[in-house]
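Each chain, written out:
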Amino acid sequence: QLRLEESGGGLAQPGGSLSLACSASGFTSDYYGIAWFRQVPGKEREGVSCITNTPAMPQMGDSVKGRFTVSIDNAKNTVTLEMASLESEDSGAYYCAAVQNRLHYAVEQICARTLHPVDFPDWGQGIWVTVST
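As the structure is a prediction and not an experimental result, all values here were calculated from the model. (Residues numbered from 1 in each chain as written. Predicted model: local features only at pLDDT ≥ 70, side-chain atom pairs only at ≥ 80, totals over all residues. Heavy atoms only, no water.)

1. Points about the overall build of the protein
The condition that has to hold: We count a stretch as a helix when DSSP gives it H or I for four or more residues in a row; a strand needs E for two or more, and each element gets its number in order from the N terminus. Values of the radius of gyration come from C-alpha atoms, whereas the globule rule sets the reference at 2.2 Å times the count of residues to the power 0.38. Burial status follows relative accessibility: with a 1.4 Å probe on protein chains alone, a residue under 20% of its type maximum counts as buried, one over 50% as exposed, and anything between as partly exposed. Contacts: residue pairs with any heavy atoms within 4.5 Å of one another. Every accessible area reported is derived by Shrake-Rupley at a probe size of 1.4 Å, with residue values counting cover from the shown protein chains alone. Within this scheme the basic residues Lys and Arg register as positive and the acidic residues Asp and Glu register as negative, but His and the chain ends are omitted. In this description, the location of a charge corresponds to atom NZ of lysine, CZ of arginine, CG of aspartate or CD of glutamate.
When helices and strands are counted, the protein shows one helix and 11 strands. Secondary structure of the protein in N-to-C order comes out as β-β-β-β-β-β-β-β-β-α-β-β. Scaling as 2.2 N^0.38, a compact globule of 133 residues should have a C-alpha radius of gyration of about 14 Å, and the protein matches this with 14 Å. The principal-axis extent of the C-alpha atoms belonging to the protein is close to 45 × 25 × 25 Å. With 133 residues in all, the protein has 43% of them scored as buried. Across the protein, every contact between residues at least 6 apart in sequence was considered, and the portion connecting residues at least 24 apart equals 61%. By element, 46% of the accessible surface of the protein is carried by carbon and sulfur atoms, the whole surface being about 7000 Å². Side-chain charges in the protein split into 9 positive and 14 negative, and the spacing between the mean points of these groups amounts to 2 Å.

Right, here's the structure in full:
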């Protein structure tokens, strides 16, 4: 069974930086994509980023382009989201989610398009990020 576990998070000041990590284990397919979503209570879940394992192809949501970066360590099956120039609106619960398939094409298609939670069967429990003075 696939397991996803987020780490990092916490409190950061506006303009500051914070890093989140998603550690994944139990993949049964060669190809997978790991996405980050975030959500504020009362609002829809928003896709932040997605990255495939082989090759590593990162995609960033429009709201975080130029400020956030995502990378993957294939050996450790760990995805890191580096957040910089943080704004108060970046606050929320951040979730790691994964999709896997025997075909890279299938994963790439999901990861490259606008991110939808329903496309990702496996989820972590989430971790809080608070940007405040």
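2. Thoughts on the sheet that holds strand E8 (residues 78-83)
Counted only if it meets this: Two strands qualify as a pair provided that DSSP identifies no fewer than 2 bridges between them. Between N-to-C directions, angles span 0 to 180 degrees; the directions come from axes that are lines fitted to C-alpha atoms, helices contributing only their stretch in contact.
Strand order in the open sheet formed by four strands is E1-E3-E8-E7, and the pairing between neighbours is antiparallel. Only two strands of the sheet have a single neighbouring strand rather than two, namely strand E1 (3-8) and strand E7 (68-73). For this sheet, the mean inter-axis angle between neighbouring strands, taken without regard to orientation, is 15 degrees. Two strands pair when backbone bridges link them, and E7 and E8 are joined in this way by six bridges, in the antiparallel orientation. Within E8, the position partnered with Phe68 by the bridge is Met83.

Structural measurements only, silent on function.
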